[in-house]
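# Survey of secondary and tertiary structure
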Protein chains: 2
Amino acid sequence: MTISMYTASIPVFKQMLDSMSNVLAKAEAHATAKSIEPNALLQARLFPDMFSLIHQVQIAADFAKSVSARLASVDVPSYEDNEQTFADLQARIAKTLAFINGLSAAQIDGSESREIVLRPGTPKEKKLSGQTYLLSYGLPQFFFHATTAYDILRHNGVEIGKRDFMGNY
Amino acid sequence: MTISMYTASIPVFKQMLDSMSNVLAKAEAHATAKSIEPNALLQARLFPDMFSLIHQVQIAADFAKSVSARLASVDVPSYEDNEQTFADLQARIAKTLAFINGLSAAQIDGSESREIVLRPGTPKEKKLSGQTYLLSYGLPQFFFHATTAYDILRHNGVEIGKRDFMGNY
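The shown structure was predicted, so the numbers you read here are calculated from the model rather than taken from an experiment.

This next bit is on the relation of the copies chain A and chain B. For the pair chain A and chain B, the superposition axis carries a translation of 0.0 Å, the fit reaches an RMSD of 0.0 Å, and the rotation angle comes to 180°. Both copies of the chain, as the preceding transformation shows, are related through a two-fold rotation axis. Looking at chain A, 100% of its interface residues are interface residues in chain B too, so the copies touch through the same face.

So, in structure tokens, the structure goes:
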């Protein structure tokens with residue numbers, strides 16, 4: 001066994017997207033059981049100028065697909081950000097998982113030295129190797145939004161624990 | 001260039017511990033500028049049965065040192081959890097950085113297939129390869145606590161942004 005760009009990306013995204021789906025299912029069940037308006041959770045945020053739960057899930061899913069696509073040198077699929085319900089978020093996660101499950105190790109392995117350009121053509125353009133892009137940019141960004149989605153729900157009293165966040169490993 | 005267990009661990013921990021140090025410095029400056037009692041931030045938590053900021057920082061630093069040490073097959077240094085101030089947390093981060101900076105690529109590379117035993121001797125014992133231990137357990141745990149520390153401060157009005165969380169990459 002050797003570590004590869006594939007094993008450092010796709011299985012990690014899968015594990016965490018699966019756990020995010022499970023956490024959202026628990027949040028929806030909690031809202032139903034406690035007669036909580038779903039939007040009280042879906043639109044919740046930790047501070048007025050932070051993103052809502054819906055947006056945190058959208059962005060986490062976006063990093064999973066965009067990082068995976070760029071490492072595989074395929075076009076990043078474009079999804080409308082029109083989710084409004086828990087069912088919509090589950091569908092967003094499911095289509096993200098379907099996309100990354102369709103990428104093979106052969107497409108992603110070897111991308112460690114490929115040049116990836118962030119924000120191309122802008123003053124904030126930045127060139128990174130595929131390895132730095134994944135480890136120092138993509139995974140931290142992904143985990144930031146995945147954790148903040150969890151933290152929003154935990155802050156609002158949904159009975160979830162770190163085991164739910166971690167998922168199956 | 002190839003991806004290795006060293007490049008997938010130590011530089012990531014360094015980047016995020018440096019950014020955590022910077023975020024905590026901004027939080028301390030914010031408390032001073034607004035005449036906020038430091039403990040109002042240090043003891044803050046997002047929900048009564050979640051950990052405080054101090055504990056989130058301690059645990060994040062613990063994962064950085066324990067994951068790095070186990071991959072390098074050296075003893076995990078033991079630190080007392082006695083931090084009470086921002087200066088104490090900075091010292092905790094500094095000694096964690098000093099420890100992981102002392103580990104070489106030669107010590108960590110090749111650990112991808114080494115067996116790591118989580119919670120040995122307990123009913124929850126789990127055996128993982130070094131690679132799975134790092135990517136599916138260590139990094140998610142580390143990012144969970146690093147992000148939650150940031151979220152606690154953001155929730156309490158400290159003026160920080162995702163750029164501060166990401167640090168230098």
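Once that is clear, we can look at the packing of helix 1 (residues 10–33) of chain A against helix 3 (residues 53–72) of chain A. Residues and elements named next belong to chain A. For the pair helix 1 and helix 3, interaxial distance at closest approach is 10 Å and the crossing angle is 160°. Taken together, the axis directions place helix 1 and helix 3 in an arrangement best described as roughly antiparallel. You can see that helix 1 and helix 3 cross each other, and the crossing is left-handed. Where helix 1 abuts helix 3, its residues Ile10, Phe13, Leu17, Met20 and Leu24 lie against Leu53, Val57, Ala60, Ala61, Phe63, Ala64, Val67 and Ser68. Along the lines of polarity and charge, the residues of the contact of helix 1 with helix 3 split into 12 nonpolar, one polar and no charged.

Tracing the backbone shows Thr148(B) in helix 6 (residues 130–155). You can call Thr148(B) buried: its relative accessible area is 1%. Here Asp151(A) takes part through its side chain, which lies 2.9 Å from a polar atom of the side chain of Thr148(B). Apart from residues lying up to four places away in sequence, Thr148(B) is in contact with Thr147(A), Asp151(A), Leu46(B), Met50(B) and Gln56(B).

Next up on the list: the side chain of Arg154(A). Relative to the helices and strands, Arg154(A) is located in helix 6 (residues 130–155). In this view, Arg154(A) contacts Ile160(A), Phe47(B), Asp49(B) and Met50(B); residues no more than four positions away in its chain are not counted.

Let us now look at the packing of aromatic side chains. Under the defined criterion, the tally for this structure stands at 17 aromatic pairs over all chains. Consider the rings of Tyr150(A) and Phe144(B), whose centres lie 5.2 Å apart with planes at 70°: the pair is edge-to-face. A residue pair is termed interchain when its members come from two chains, as with Tyr150(A) in helix 6 and Phe144(B) in helix 6. Taken individually, Tyr150(A) and Phe144(B) each receive the classification buried, so the pair is uniform in this respect. Taking 6.0 Å as the distance between ring centres and 70° as the angle between the ring planes, the aromatic pair formed by Phe63(B) and Tyr137(B) counts as edge-to-face. Residue Phe63(B) is found in helix 3 (residues 53–72), and its partner Tyr137(B) is found in helix 6; the two are separated by 74 residues along the sequence. The class of Phe63(B) is buried, set by a relative accessible area of 12%.

On to the interface of chain A and chain B. Opposite the 44 residues of chain A that make contact, chain B presents 44 residues. When the two sides are added together, the surface that chain A and chain B hide from each other amounts to roughly 4,100 Å², 64% of it contributed by carbon and sulfur. For the pair chain A and chain B, the interface holds two salt bridges. For Asp49(B), the salt bridge is made with Arg154(A), and the minimal N-O distance between the two is 2.8 Å. Applying the counting criterion to the chain A and chain B interface returns 16 residue pairs in polar contact (both at pLDDT 80 or more). Looking at the side of chain A that touches chain B, the elements that each hand over two or more residues are helix 1, strand 2 (126–129), helix 6 and helix 7 (162–166) of chain A. Taken together, the residues of the side of chain A that touches chain B sort by class into 21 nonpolar, 14 polar and nine charged.

Definitions and cut-offs
Residues numbered from 1 in each chain as written. Chains lettered and ligands numbered in written order. Predicted model: local features only at pLDDT ≥ 70, side-chain atom pairs only at ≥ 80, totals over all residues. Heavy atoms only, no water. Least-squares fit on C-alpha atoms with pLDDT ≥ 70 in both. Contact = heavy atoms within 4.5 Å. Axes fitted to C-alpha atoms, helices over the stretch in contact; angles between N-to-C directions. Helix = DSSP H or I, 4+ residues; strand = E, 2+ residues; numbered from the N terminus. Parallel < 35°, antiparallel > 145°, perpendicular 65-115°, else oblique. Left-handed = near helix turned anticlockwise from the far one by under 90°. Nonpolar A, V, L, I, M, F, W, Y, C, P; charged D, E, K, R; others polar. Buried < 20%, exposed > 50% of the residue type's maximum accessible area, 1.4 Å probe, protein only. Polar contact = N/O pair within 3.5 Å; in protein donor to acceptor, adjacent residues only side chain to side chain. Phe/Tyr/Trp six-rings, centres within 6.5 Å; stacked < 30°, edge-to-face > 60°. Buried area = accessible area lost by both parts, 1.4 Å probe. Salt bridge = Lys/Arg side-chain N within 4 Å of Asp/Glu carboxyl O.

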